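Coordinate analysis (summary)
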Amino acid sequence: MFGLEPHVLLLLGVCLLAACAFEFVNGFHDTANAVATVIYTNALRPWVAVVWSAFWNFIGVFAGGIGVAMGIVYLLPVESLVDANVYHGIAMVGALILAAIIWNVGTWYYGIPASSSHALIGSILGVGIAYSLLPESRGTAVNWSKAGETGIALLVGPLLGFALTIGMMFLFKRFAPSKAIFKEPHKRKPPPIWIRLLLITTCTLVSFFHGSNDGQKGVGLVMLILIGIVPFRFALDESKNPLDLRDSLGKVEYVISRVNRAELSPADQKSLAEIQEKTADLDRIFAGKTDIKQLPQQTRFEIRRDVLLLTNRAKKLLGSEKVSLSTADRKSYDDASKEMKTFTDYAPWWVLLMVSLSLACGTMIGWQRIVKTIGERIGKEHLSYAQGASSELVAALMIGSSTWLNLPSSTTHVLTSSIAGSMVASRGVKNINPGMVRNIALAWVLTLPVTMVLSGLLFLLFRAVLG
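Residues numbered from 1 in each chain as written. Predicted model: local features only at pLDDT ≥ 70, side-chain atom pairs only at ≥ 80, totals over all residues. Heavy atoms only, no water.

**Description of the environment of N42**
For N42, the location among the structural elements is in the loop between α1 (6-40) and α2 (46-63). Taking C-alpha positions, N42 is 7.5 Å from K187, a pair spaced 145 residues apart along the chain. Residues contacting N42, with those up to four places away along its chain left out, are H186, K187, R188, K189, P190 and P191. (Helix = DSSP H or I, 4+ residues; strand = E, 2+ residues; numbered from the N terminus. Contact = heavy atoms within 4.5 Å.)

The following block contains the structure:
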């Protein structure tokens, strides 16, 4: 299978199981964010709520696309890290998965809502930084521009969630048809029917968008594993014929040939030279090939590396003020570039299924610890119907917007900050439980540095052990 030796195949299986474990932990760690309000307000029985949430998490993974997944993949330029030694790829993915799982399980055990997104991203960055310290590294091993976009998205989300929930609570107070929505939930009786339907709807939306965003992170993690350990098999979409790239490549070469080198700055001239080097390499690979069988399997990773470096440098070059091209030429390049990226930006259907099942199964286990924190410990008062509905409505909006923009979002941080906002909207800042909020904030602040250090150390250890 995959043309691997049995022990390497075993290690690949272990890494894939570990990725499923991460997504499973993500499921029971983050699911409480979606089901806390419907359980806490008696809108749904606990097991009905978690099964319902699991179903919509499952659907969300398939409906979310792969934009966020590819953002996770491109945080770590695997093309720079992967070499002929398959054990180096195993060391990379093993370290980042193990570090993320250790942090997730630890925070779950103590009932602290911590971000699976932060844990995964911190682990990826830690591996990249650790690799850059090795003698054989070739410059930076982290895509810092993509890391910057991701960091801003994860920081802005909770702040917006906090502010928007205060606004949502104001709207409820102004336009809600009944003041019953602001009452503390009865311990045994379900809420009035319209409140119940509202809470179930918000739970459904958060579950769906959690699947569409966090599920994609799992997909990105699995693709990192497959590309890192079996690059010759998964570097390109197997459902496509790599020889079909030649048409798009010809269009790119034509547009690039119309760039006037004399007008460029030294930095832009260097980018142009790198682009021409990659197009020439692709031409060499495709030369004389009329059938996919004539294309050696190992060239698939070379094609991936050339396409990604080519599109990266071309984007930088064509964004320069020194480059004068017609609108038609720029559109021709954009269309050709998008077509080329369909060969590299993909995920097999079985990866989506594996991640969605792991997330859905995790959703049905272990939710009790975090539910109690969400419902009782963030504020000094019990969560009311209005607070639960407004928090989840805002969280769904924030997570859905992030997925649409192909950016990762932390379900945990968005929802906990939204609940904090609902508490402030009710009785002011004094209504927040300072001890629990301090713990959540501490987990938020520590997640990135701890996972970075942990994954970096594990990576260097695994590299030393595996050679």
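**A word on the UniProt feature "transmembrane region" (unreviewed entry) in the protein**
UniProt marks residues 55-76, 88-110, 117-134, 154-172, 193-212, 218-236, 347-367 and 441-462 with the feature "transmembrane region" (unreviewed entry), using the numbering shown here. For residues 117-134, the end-to-end C-alpha separation is 27 Å, with 89% helix and 0% strand making up the annotated structure. The straight-line gap between the two end C-alpha atoms of residues 154-172 is 27 Å; of that span, 100% is helix and 0% is strand. (UniProt positions renumbered as here; feature names shortened; annotations may be inferred.)

**Let's talk about the environment of P158**
The topology assignment puts P158 in helix α7 (residues 144-175). By relative accessible area, which is 4% here, P158 ends up buried. What P158 contacts, discounting residues up to four positions off in sequence, is H413, V414, S417 and W444. (Buried < 20%, exposed > 50% of the residue type's maximum accessible area, 1.4 Å probe, protein only.)

**Considerations on the packing of aromatic side chains**
Considering all chains together, one arrives at eight aromatic pairs under this definition. Seen in terms of ring centroids, F58 and F62 are 5.5 Å apart; in terms of plane orientation they differ by 45°. Their pairing is tilted. Of this pair, F58 and F62 both sit in helix α2, separated by four residues, roughly a single helical turn. Its relative accessible area of 23% is what places F58 among the partly exposed residues. In this structure F62 comes out as partly exposed when scored by relative accessible area, which is 38%. The ring of F234 has R233 sitting right over it, with the charged end atom 5.9 Å from the ring centre. The ring of F343 has K240 lying over it, and the distance from NZ or CZ to the ring centre is 5.2 Å. (Phe/Tyr/Trp six-rings, centres within 6.5 Å; stacked < 30°, edge-to-face > 60°. Lys NZ or Arg CZ within 6 Å of the ring centre and 35° of its normal.)

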